[in-house]
Amino acid sequence: MLNKDLINHKFPGGSFTIDKEINNLIKSSTGLEISKTTSNEYLVHPIFSMVALNSIGYTLEELFNLLNYDVRKGPMLGECEFNLLDTFNLDRNYNVNGFIESFESKVSKKIGNFDIMSFKLEITFENRIVSKINYKWILPV
Amino acid sequence: MNLKIGHKINQWSHHVRQEDLNSWSKILNDPNPIHFDANAVKKIGQGDKCINQGPANIAYLINTIFYNFPKCKILNIKNRLNGNVFVDDIVTVSGEITNISNKNESKIISLLLNLSTQENNYLVVSEVELIQ
């Protein structure tokens, strides 16, 4: 049984630093030229908004364990929205914090009964928000 | 580029290779075997090819934005994930301008993007707002 008492539960939080090697790996593995994009500026990929999920203080497996949810049921990422208030830069230390916002029970013809878990993350640098991310995970019952 | 509502942006494509999935497992510190072991995918009844990581799919959409608007700043992206991308798929991102407004000397441009493969359409649908 999904532990829905965890609404407003705050993640332990964590931090990450973007180095050139990992940024280049993202570029090369998604078909971008490493040296530049189509502009002359070196791009730190905005997808670090999602990579930050690594740094909430739990692994996904630990999060699902906390929720008392069996990952063998096949949790799926349903939606991800991010608001970028600033660009990412190399060699800065970004902090990540977040909390579980809600659970919603639904039924679909395709997967039957499921819950939607919504959680929010904030990525900050020196107390300034760089990105706000809203996740919705589909958790088949 | 012709900045008009309804204008279709240039498509962007990428061939998804197993080495890409291996890289993303490292980037995300993700031990899930569905990304590197086809047998793990078979066990969960999702086919017989390794499944691409969701953030990689979102990265393709972002690449498409910069391909079309190289000097833009992305403000917001809302992504709805409807299905999986598999290894060896050819991913294509297409889209169109849905709104344009002015802010000081800049333009705020809204886009609707669609990530498809040779097999499926609308695997990821994204609403984007950027400034340039």
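Tallying the contact residues gives 26 residues for chain A and 28 residues for chain B. Mapped onto the side of chain A that touches chain B, the elements with two or more residues apiece are helix 1 (20-28), helix 2 (48-51) and strand 2 (76-84) of chain A. For the side of chain A that touches chain B, the leading source of residues is strand 2 of chain A, giving eight residues. For the side of chain A that touches chain B, the per-class residue count stands at 13 nonpolar, eleven polar and two charged. The sheet contact formed by strand 2 of chain A and strand 2 (residues 73-81) of chain B spans five bridges and is antiparallel. By the bridge assignment for strand 2 of chain B, A:Glu81 is matched with B:Lys78.

Moving on to the pairing of strand 5 (residues 124-131) of chain B. Two faces, one strand: in a regular strand the side chains alternate between the faces of the sheet. Residue and element names in this part refer to chain B. Residues Val124, Ser126, Val128 and Leu130 point to one face of strand 5 and are all buried, whereas Val125, Glu127, Glu129 and Ile131, pointing to the other face, are not buried. Taken together, the eight bridges between strand 2 and strand 5 define a ladder with antiparallel strand orientation. Each residue of the ladder has a partner; that of lysine 78, found in strand 5, is glutamate 127. Of the pairings in the sheet, the one linking strand 4 (residues 106-116) to strand 5 comprises eight bridges and is antiparallel in character. Along strand 5, the bridge assignment pairs leucine 113 with serine 126.

Further remarks concern the environment of A:Ser49. Residue and element names in this part refer to chain A. Summarising the element assignment, serine 49 is placed in helix 2. Taking the C-alpha atoms as reference, serine 49 lies 21 Å from serine 102; in sequence the two are 53 residues apart. With sequence-adjacent residues up to four places away left out, serine 49 is seen in contact with Phe82, Leu84, Ile123, Ser131 and Ile133.

To continue, consider unusual backbone geometry. Residues and elements named next belong to chain A. With a phi angle near 60°, asparagine 68 is a residue other than glycine that sits in the positive phi range. Backbone geometry at aspartate 91 places phi at a positive 65°, although glycine is not the residue there. When you line up the elements, aspartate 91 lands in the loop between strand 2 and strand 3 (93-108).

A few words now on the nonpolar core. Note on soluble globular proteins: their nonpolar side chains tend to be buried together. Judged by nonpolar contacts, the single largest core of 65 residues is most densely connected at A:Ile47, A:Ala52, B:Ile58, B:Leu61, B:Ile62, B:Ile65 and B:Leu115. The element contributing the most residues to this core is helix 3 (residues 54-68) of chain B, with eight residues. If we ignore the near neighbours within four places in the chain, the residues touching B:Leu115 are B:Asn57, B:Tyr60, B:Leu61, B:Val91, B:Val93, B:Leu123 and B:Val124.

A few words now on the confidence of the model for chain B. Residues and elements named next belong to chain B. Averaged over all residues, the pLDDT of chain B equals 94, while 100% of them reach at least 70. Across chain B, strand 5 holds the top mean pLDDT of 98, while helix 2 (residues 38-43) sits lowest at 89. For this predicted complex, the interface score ipTM comes out at 0.93, while the overall pTM is 0.92.

Our next topic: the sheet that holds strand 5 of chain B. On the basis of which strands lie adjacent, the open sheet formed by ten strands has the order 1(A)-3(A)-4(A)-5(A)-2(A)-2(B)-5(B)-4(B)-3(B)-1(B) and antiparallel pairing. One side of each edge strand has no neighbouring strand; the edge strands of this open sheet are strand 1 (14-17) of chain A together with strand 1 (12-15) of chain B. Going from strand to strand, the sheet's axes swing by 20° on average, the running direction of each strand aside. Of the pairings in the sheet, the one linking strand 4 (residues 112-125) of chain A to strand 5 (residues 128-140) of chain A comprises twelve bridges and is antiparallel in character. Paired with A:Ile123 across the strands is A:Ser131, a residue of strand 5 of chain A. Across the sheet, helix 3 of chain B is in contact with strand 2 of chain A together with strand 1, strand 2, strand 3 (90-103), strand 4 and strand 5 of chain B; its angle to strand 5 of chain B comes to roughly 40°.

What counts as what
- Residues numbered from 1 in each chain as written.
- Chains lettered and ligands numbered in written order.
- Predicted model: local features only at pLDDT ≥ 70, side-chain atom pairs only at ≥ 80, totals over all residues.
- Contact = placed C-beta atoms within 7 Å.
- Helix = DSSP H or I, 4+ residues; strand = E, 2+ residues; numbered from the N terminus.
- Nonpolar A, V, L, I, M, F, W, Y, C, P; charged D, E, K, R; others polar.
- Pairing = 2+ DSSP bridges.
- Buried ≥ 20, exposed ≤ 12 C-beta atoms within 10 Å, placed from the backbone.
- Core = buried A, V, L, I, M, F, W, Y, C linked by C-beta atoms within 7 Å.
- pLDDT = per-residue confidence, 0-100.
- Axes fitted to C-alpha atoms, helices over the stretch in contact; angles between N-to-C directions.

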